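# Coordinate inspection notes
Listed here are the chains, written in short residue letters.
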Amino acid sequence: DYGGVPPSATTILGPERNRAAEVGTKWELFDRHLLVTGALFHTEKDNARETVAGVLTSGAGYQIDGVDIEVSGNITDRWSVFGGLVLMRSKVTQSGIRSNIGLQLANIAHESFSMLSKYKFDYGWELGGQAVYRSKIYGGTFGANTGTELPSYWRFDAFVEKKIDKNWTMKLYAQNLTNKLYYDTLYRSATPFVAVAPGRAFYLVTS
């Protein structure tokens with residue numbers, strides 16, 4: 001929680017405890033050049049930090065269930081991909097504020113996706129792009145406050161890269177091609193505010 005425990009506090013809070021279980025699978029495709037992984041996971045946290053009536057306590061708890069699918073490697077000798085999808089479901093199981101129990105967790109995106117793809121052309125040229133998605137995020141200090149939220153968004157990036165010689169490469173990178181207005185963070189406080197993410201930007205990188 002913001003501010004942590006002040007030095008003058010006399011209460012010692014015990015450690016948070018996590019229990020997690022996960023089961024997954026891996027597949028090697030396209031002559032073992034592309035790795036695809038999938039996992040189901042379950043996490044429980046007890047003794048979680050929570051502010052009740054202005055006092056930091058440690059009696060809260062929650063659980064998260066989800067699925068994680070990832071892909072990385074080459075589809076062909078020239079075409080590579082890297083990315084994944086995460087879907088989660090969360091629930092507050094213990095709280096000093098009764099209305100929090102049963103709510104989903106605040107301040108996290110429960111669905112997210114990203115995929116980076118790149119293609120190699122002749123003469124050292126490469127062209128690539130990336131798509132990023134985040135679902136809406138509810139505000140709140142612990143349980144989600146559905147009256148305060150950041151909207152979901154898609155962001156698209158692109159780049160072109162040229163290998164000049166065996167030692168040097170140059171890349172032109174464009175971030176947020178559509179100049180999408182979206183927000184990085186919702187700060188939880190008595191008067192919450194947001195941080196605006198960068199708009200369209202171009203970078204020329206030599207390495």
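Bear in mind the structure is a predicted one, so any value in this text is a computation, not a measurement. (Residues numbered from 1 in each chain as written. Predicted model: local features only at pLDDT ≥ 70, side-chain atom pairs only at ≥ 80, totals over all residues. Heavy atoms only, no water.)

### Focus on the nonpolar core
To keep things clear, this is the line we draw: Each nonpolar core is a collection of buried residues, namely Ala, Val, Leu, Ile, Met, Phe, Trp, Tyr and Cys, held together in the definition by side-chain atoms within 4.5 Å. The buried label applies to any residue whose accessible area, calculated with a 1.4 Å probe on protein chains only, is under 20% of its type's maximum; exposed applies above 50%, and partly exposed to all values in between. Each helix is a run of DSSP H or I of at least 4 residues and each strand a run of E of at least 2, with the numbering of both proceeding from the N terminus. Should any heavy atoms of two residues lie within 4.5 Å, those residues are counted as being in contact.
Core analysis: the biggest nonpolar cluster contains 8 residues, these being Phe41, Ala48, Ala60, Tyr62, Ile64, Val92, Leu105 and Phe142. Put simply, the parts of the chain that give this core at least two residues each are strand 2 (34–52) and strand 3 (55–74). Beyond its immediate stretch of four places on either side in the chain, Phe142 contacts Ala48, Arg49, Glu50, Ala60, Gly61, Tyr62, Val92, Gln94, Asn100, Gln104, Leu105 and Ala106.

### Here we look at unusual backbone geometry
With a phi angle near 50 degrees, Phe30 is a residue other than glycine that sits in the positive phi range. On the secondary structure map, Phe30 appears in the loop between strand 1 (17–29) and strand 2. Its identity as a non-glycine residue notwithstanding, Arg32 has a phi of 70 degrees, on the positive side.

### Re the pairing of strand 3
Counted only if it meets this: When DSSP locates at least two bridges between a pair of strands, those strands are taken to pair.
Of the pairings in the sheet, the one linking strand 2 to strand 3 comprises 16 bridges and is antiparallel in character. Within strand 3, the residue paired with Leu34 across the bridge is Gly73. If you look at the hairpin formed by strand 2 and strand 3, you'll find 2 residues sitting between the two strands, and Ala53 has a positive phi there, around 55 degrees. Two elements, strand 3 and strand 4 (residues 79–94), share 14 bridges in a ladder whose sense is antiparallel. When the sheet's bridge partners are listed, Tyr62 is paired in strand 4 with Val92. Here strand 3 folds back onto strand 4 in antiparallel fashion, the turn holding 4 residues.

### Some points on the sheet that holds strand 10 (residues 169–175)
The condition is simple: Between N-to-C directions, angles span 0 to 180 degrees; the directions come from axes that are lines fitted to C-alpha atoms, helices contributing only their stretch in contact.
Taking strand neighbours across the sheet as the criterion, the 9 strands line up as 1-2-3-4-5-6-9-10-13 in an open arrangement whose pairing is antiparallel. The open sheet has two free edges, formed respectively by strand 1 and strand 13 (201–206), since each of these has just one partner strand. When the angles between neighbouring strand axes are averaged without regard to direction, this sheet yields 15 degrees. Strand direction decides the pairing type here: strand 9 (residues 153–163) and strand 10, joined by 6 bridges, are antiparallel. Along strand 10, the bridge assignment pairs Phe159 with Tyr173.

### Thoughts on the pattern of salt bridges
Here is the rule: Salt-bridge detection follows one rule: a side-chain nitrogen of Lys or Arg within 4 Å of a carboxyl oxygen of Asp or Glu.
In this structure the tally under the stated criterion is 8 salt bridges. Glu161 is the partner of Lys171 in a salt bridge, and the nearest nitrogen-oxygen pair spans 3.6 Å. Here the residue Lys171 occupies a position in strand 10, and Glu161 occupies one in strand 9, the gap between them amounting to 10 residues. A residue is classified by how much of its surface remains accessible, and Lys171, at 28% relative accessible area, is partly exposed. One connected set of salt bridges, linked through shared partners, spans Arg19, Glu44 and Asp46.

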